Amino acid sequence: MSDDDQRDQTPAERAAQVSAVPAGPEPEPIRFFGTTWVNHDGGYALRRAGMAVGSLVTAVAAAVLLRLSYEGLEIGNVGPFLSISVVVLFAIASAIAFVKTWDSFNRRPAPSSDEAALKGLKTIGFIGSLIAYFLRCFAEAPGEKLRRAEYERATAEFARRRSTRTGNPAARRPKRKK
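Report on the accompanying structure. (Residues numbered from 1 in each chain as written. Predicted model: local features only at pLDDT ≥ 70, side-chain atom pairs only at ≥ 80, totals over all residues. Heavy atoms only, no water.)

Considerations on the pattern of salt bridges
The line we're drawing: Only one rule defines a salt bridge in this text: a Lys or Arg side-chain nitrogen within 4 Å of an Asp or Glu carboxyl oxygen. Numbering of helices and strands starts at the N terminus; helices are DSSP runs of H or I of at least 4 residues and strands are runs of E of at least 2. Throughout this description, buried means an accessible area under 20% of the type-specific maximum (1.4 Å probe, protein chains only), exposed means over 50%, and partly exposed covers the range between.
With the rule as written, the count across this model stands at eight salt bridges. As a salt-bridge pair, Arg 108 and Glu 28 come within 2.5 Å of each other at their nearest N and O atoms. With Arg 108 in the loop between α4 (80-104) and α5 (119-124) and Glu 28 in the loop between α2 (11-19) and α3 (44-75), this residue pair connects regions lying 80 residues apart in the sequence. With relative accessibility at 33%, the residue Glu 28 sits in the partly exposed group. Glu 157 is the salt-bridge partner of Arg 160, the closest N and O atoms lying 2.5 Å from each other. One end of the pair is Arg 160 and the other is Glu 157, both in helix α7 (residues 144-162) and three residues apart, which spans about a single turn. Looking at Glu 157, the relative accessible area reads 32%, which means it is partly exposed. Among the charged side chains, a network of salt bridges with common partners joins Glu 28, Arg 108, Arg 147 and Glu 150.

Some words on the packing of α3 against helix α6 (residues 126-136)
To be explicit about the condition: All axes here are fitted lines through C-alpha atoms, helices being fitted over the stretch that makes contact, and every angle between N-to-C directions spans 0 to 180 degrees. In these notes the angle categories are as follows: under 35 degrees is roughly parallel, over 145 is roughly antiparallel, 65 to 115 is roughly perpendicular, and the rest is oblique. A crossing counts as left-handed when the near helix is turned anticlockwise from the far one by less than a right angle, and as right-handed when that turn is clockwise. Here, residues are in contact when the closest pair of their heavy atoms is within 4.5 Å. Note that Gly is not counted as nonpolar here; it falls among the polar residues with everything else outside the nonpolar set of Ala, Val, Leu, Ile, Met, Phe, Trp, Tyr, Cys and Pro and the charged set of Asp, Glu, Lys and Arg.
Direction vectors running N to C along α3 and α6 enclose 155°, while the axes themselves pass 8 Å from each other. By the angle between their axes, α3 is roughly antiparallel relative to α6. Relative to α6, α3 is oriented so that their crossing is left-handed. Facing Met 51, Ala 52, Ser 55, Leu 56, Thr 58, Ala 59, Ala 62, Ala 63 and Leu 66 of α3, the residues of α6 in contact are Phe 126, Ile 127, Leu 130, Ile 131, Tyr 133 and Phe 134. Per-class residue counts for the contact of α3 with α6 are 13 nonpolar, two polar and no charged.

Some words on a nonpolar patch on the surface
We apply this condition: Patch membership needs two things, relative accessible area over 30% and no salt bridge, and members are linked within 9 Å if like-charged or within 5 Å if nonpolar (Val, Leu, Ile, Met, Phe, Trp, Tyr). Per-residue and other accessible areas follow the Shrake-Rupley method at a 1.4 Å probe size, with only the shown protein chains counted as cover for residues.
Nonpolar side chains collect at one region of the surface, where Leu 56, Val 60, Val 64 and Leu 68 lie side by side and expose about 340 Å² of accessible area between them. Inspection of the secondary structure puts Val 64 in helix α3.

As far as function goes, none of this settles anything; it's purely spatial.
So this is what it looks like as structure tokens:
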């Protein structure tokens, strides 16, 4: 902002700009929840219920779609080996996706982890991820525990850094030599 723009502002506009600066650490928003998880306000319970129902309905619809795909393989008469291997592939991929999604609610992946390599597998096993979201919504917003711990740690660190010192350090007496 140029000096001319700053001079043209009213005192209220300047105060609004100053108050826009955060007074501490900001909570990280969670997808579909925003920052309502901090105080459990703004329709938090309704959002959790909606996420649980939405993920369950989507998982059931995906299972029906996979069932129709399997029936298509049977109609196409591709043979038992391919039919069984498709079912096993989706079962294993769903189990891995469930475990990886569930773990992601409790810890952040390491930067050099195999998460990028498993992205395709998690896409194939998306039903497992949807079930993990469904089950997690009963306890909290998915990822809330991790973000709450990080936010409380950052808030405590900010408060510790901002706490006032007692006295002027320059006016202290020098320590005696023993």
